[in-house]
Amino acid sequence: MEADNAAASSQQRERTGMAASALGSAWSEVRVVPKDDRILGTIGGLRTKMEDYGFAFTLTYLIESLGDVAGGRRKGFDYTHQVVMGGDIDFEKMLHWKGLSFHMLGVQRAGRNVATDYMGVTSLIQPQEDYGAGGNVLYKLVYMYFEESLLNKKLVIDFGRMPANMKFGTSYLGCYAMNMITCAHPSGLSNSSKWRSWPFSQWGIMARVNPGYHLYAQAGLYEVSPTEGGRAGFNFSFVQQGFVIPMEIGWEPSLGRNKLTGHYKLGGYVDTSDHPDPFTSIDGRPKLVSHLPGKTERQRGAWYVGADQMVYRFGPAANQGLILFGLAGFNMGASLPNQSQYTLGIISQGMFPARITDAISFFWTRQTVNHKITREQEMQADLGLPLLNGVAAPQTNFQVLELTYTAFISRGIKLFPDLQYIIHPDGNHVYPDALLAGFRLTSQF
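Counting starts from 1 at the beginning of each chain's written sequence and moves along it residue by residue. With pLDDT at 70 or above as the cut-off, local features in this predicted model cover only qualifying residues; side-chain atom pairs require 80 or more to be listed or tallied, and sums for whole chains, interfaces and linings still use all residues. Note that water and hydrogens are dropped before the side-chain values are worked out from all heavy atoms of the structure.

Trainee: Lay out the pattern of salt bridges in plain terms, naming residues and giving numbers.
Mentor: The term salt bridge refers to a side-chain nitrogen of Lys or Arg lying within 4 Å of a carboxyl oxygen of Asp or Glu. Per the stated rule, a full pass over the model turns up 14 salt bridges. The partner of Glu 51 in a salt bridge is Arg 38, with the nearest N and O atoms 3.8 Å apart. Highlighted residues: Glu 51 in helix 2 (residues 46-52) and Arg 38 in the loop between strand 2 (32-33) and helix 2, separated in sequence by 13 residues. We note a salt bridge from Arg 300 to Asp 271, for which the minimum N-O separation is 3.2 Å. Highlighted residues: Arg 300 in strand 15 (residues 300-313) and Asp 271 in strand 12 (residues 260-271), separated in sequence by 29 residues. Strands here are runs of E lasting at least two residues and helices are runs of H or I lasting at least four, both read from the DSSP assignment and numbered beginning at the N terminus.

Trainee: Residues and numbers for the state of the cysteines, please.
Mentor: We call a pair of cysteine sulfur atoms a disulfide whenever their separation is within 2.5 Å. On inspection of all chains with the given rule, the structure shows 1 disulfide. The disulfide partner of Cys 175 is Cys 183, and the gap between their sulfur atoms is 1.9 Å. On the sign convention where negative means left-handed, the S-S torsion of about 90° between Cys 175 and Cys 183 marks this disulfide as right-handed. Three exposure classes are used, based on accessible area relative to the maximum for each residue type with a 1.4 Å probe and protein chains only: buried under 20%, partly exposed in between, and exposed over 50%. With relative accessibility at 0%, the residue Cys 175 sits in the buried group. Under the relative-accessibility criterion, Cys 183 is labelled buried at 1%.

Trainee: Go over the packing of aromatic side chains with me, naming the residues and quoting the values.
Mentor: Pairing of aromatic side chains here covers Phe, Tyr and the six-membered ring of Trp, requires ring centres within 6.5 Å, and sorts the geometry by plane angle: under 30 degrees stacked, over 60 edge-to-face, intermediate tilted. Summed over all chains, the structure comprises 14 aromatic pairs. Considering the side-chain rings of Phe 91 and Phe 146, the 6.5 Å spacing of their centres and the 25° angle between planes classify their relative orientation as stacked. Here Phe 91 is found in helix 3 (residues 91-95), whereas its partner Phe 146 is found in strand 6 (residues 140-150), with 55 residues between them in sequence. With relative accessibility at 40%, the residue Phe 146 sits in the partly exposed group. Pairing Trp 203 with Phe 236 gives two aromatic rings, centres 5.9 Å apart and planes at 65°, and the pair type is edge-to-face.

Trainee: Account for the side chain of Lys 265, naming residues and giving values.
Mentor: Within the element layout of this structure, Lys 265 appears in strand 12. His residues and chain termini do not enter the charge count, which takes Lys and Arg as positive and Asp and Glu as negative. With no salt bridge to any partner, buried Lys 265 finds its closest opposite charge in Glu 248, at an N-O distance of 4.0 Å. Working rule for contacts: check all heavy atoms of both residues, and any pair within 4.5 Å makes them a contact. Residues in contact with Lys 265, not counting those within four places in the same chain, are Thr 170, Tyr 216, Glu 248, Ile 249, Gly 250, Tyr 304, Val 305 and Gly 306.

Trainee: With reference to specific residues and values, describe the environment of His 214.
Mentor: Position of His 214 relative to the elements: it lies in the loop between strand 8 (202-212) and strand 9 (215-223). Judged by its relative accessible area of 46%, His 214 falls in the partly exposed class. Each C-alpha atom, one on His 214 and one on Val 137, is 41 Å from the other, the two residues being 77 residues apart in sequence. Discounting residues that sit within four places of it in the chain, His 214 has contacts with Gly 250, Trp 251, Glu 252 and Pro 253.

Trainee: So what's going on with unusual backbone geometry? Which residues, and what values?
Mentor: The peptide bond linking Cys 183 to Ala 184 adopts the cis configuration, its omega dihedral lying at -5°. Inspection of the secondary structure puts Ala 184 in the loop between strand 7 (155-162) and helix 5 (187-190). With an omega of -10°, the peptide bond between Trp 198 and Pro 199 qualifies as cis. On the secondary structure map, Pro 199 appears in the loop between helix 5 and strand 8. Despite not being glycine, Glu 228 has its phi angle at roughly 50°, a positive value. Here Glu 228 lies in the loop between strand 9 and strand 10 (243-251). Taking the relative accessible area as the measure of exposure, Glu 228 reaches 13% and is therefore buried.

Trainee: Lay out the pairing of strand 13 (residues 275-281) with the relevant residues and their values.
Mentor: The side chains of a regular strand alternate, residue by residue, between the two faces of the sheet. The element strand 13 is largely enclosed, with a buried count of 6 among its 7 residues. By this definition, two strands are paired if DSSP reports at least two bridges between them. Bridge analysis of strand 13 against strand 14 (residues 294-297) gives 3 bridges, and the strand direction is antiparallel. When the bridges of strand 14 are listed, Ser 281 appears paired with Gly 294.

Dropping the structure here:
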């Protein structure tokens, strides 16, 4: 056992699928764990030799199991899993091509959704982050791209197949939570949008500039595709229907003599593809009155502001302290399912000297439903018609409170007991507030 003080690359954070510092010792934090924090270790030195020649691989098995123990539609327990498989090639080590690397990763998912099985009837809230697309297929490609670092890493360019929001609006601290609304980006801004997230992929290019002074700026251009990679992610056809253009600026300081780390960001995206309005028809009247198709929205998007800041340090590890977390995001489009998201959190990691990798975390999030969807549902209810999204009452907003503990069990194994309290399942008052209990288990090989 020894202190692991290795700095993390962006790829190391991406490999788990959640970019959470709690998920492995590859992160930039000190932790008293085995030197190689994976179940198989260095595989008799083979892994180390491969990495010296420029090839690294990852294999992670993740379980997220939750039960509805009170409230909601009915009581019950669901299991999901995610297997992450990928590799990275460092062409600088392999072929002496300075700054060039290649990254490929995919997932296999299986299980059931506690949200729709027990909590309510819609997937508006997703308590299991690893549930969803990528299930029932052996390998679904998430990303496959080249990265070129220039000017002593002051300019980094990525090009290939990758989710548009993989490096925009994300926070690895968000994945101290299990619910997808927090881990690892604001789902209220990406749900049913073309600003796609794991495990969907798009053709795209992005550039990040790091001028110094803890500042950065980044922007990208990604296709809007009807295939989104297909079921297995290997449909590489380019049939773009518009473009998603994300932008973000940030400041990542280390304050005072105690080096209190923080991350501050402001960003957003523009989607140039066409989408139908859920309420207003092509002649300007409500669709239920005119019986005409919804008018076409030519452009939509969102913007967000987020921050986290350590306010008290317990010890020398990068995240060993009391950290405050906050995010606010707003959608700018009639055709998006959500209107806004607000998230607050507090993370206390390493307060026990013998358990500096352990953390206690609490998050609160409030999301509001697009007011046009609410108006459509209210009019449907008045007319005695079935409601949009299959719900029994108009949707307005919901809240999620989540308490979790991060525990290092043994080399390569982390356990996360989790409690979630959902206010207004389905975004309405049809079902009572739900209490969910369960755990996440991560095994890195």
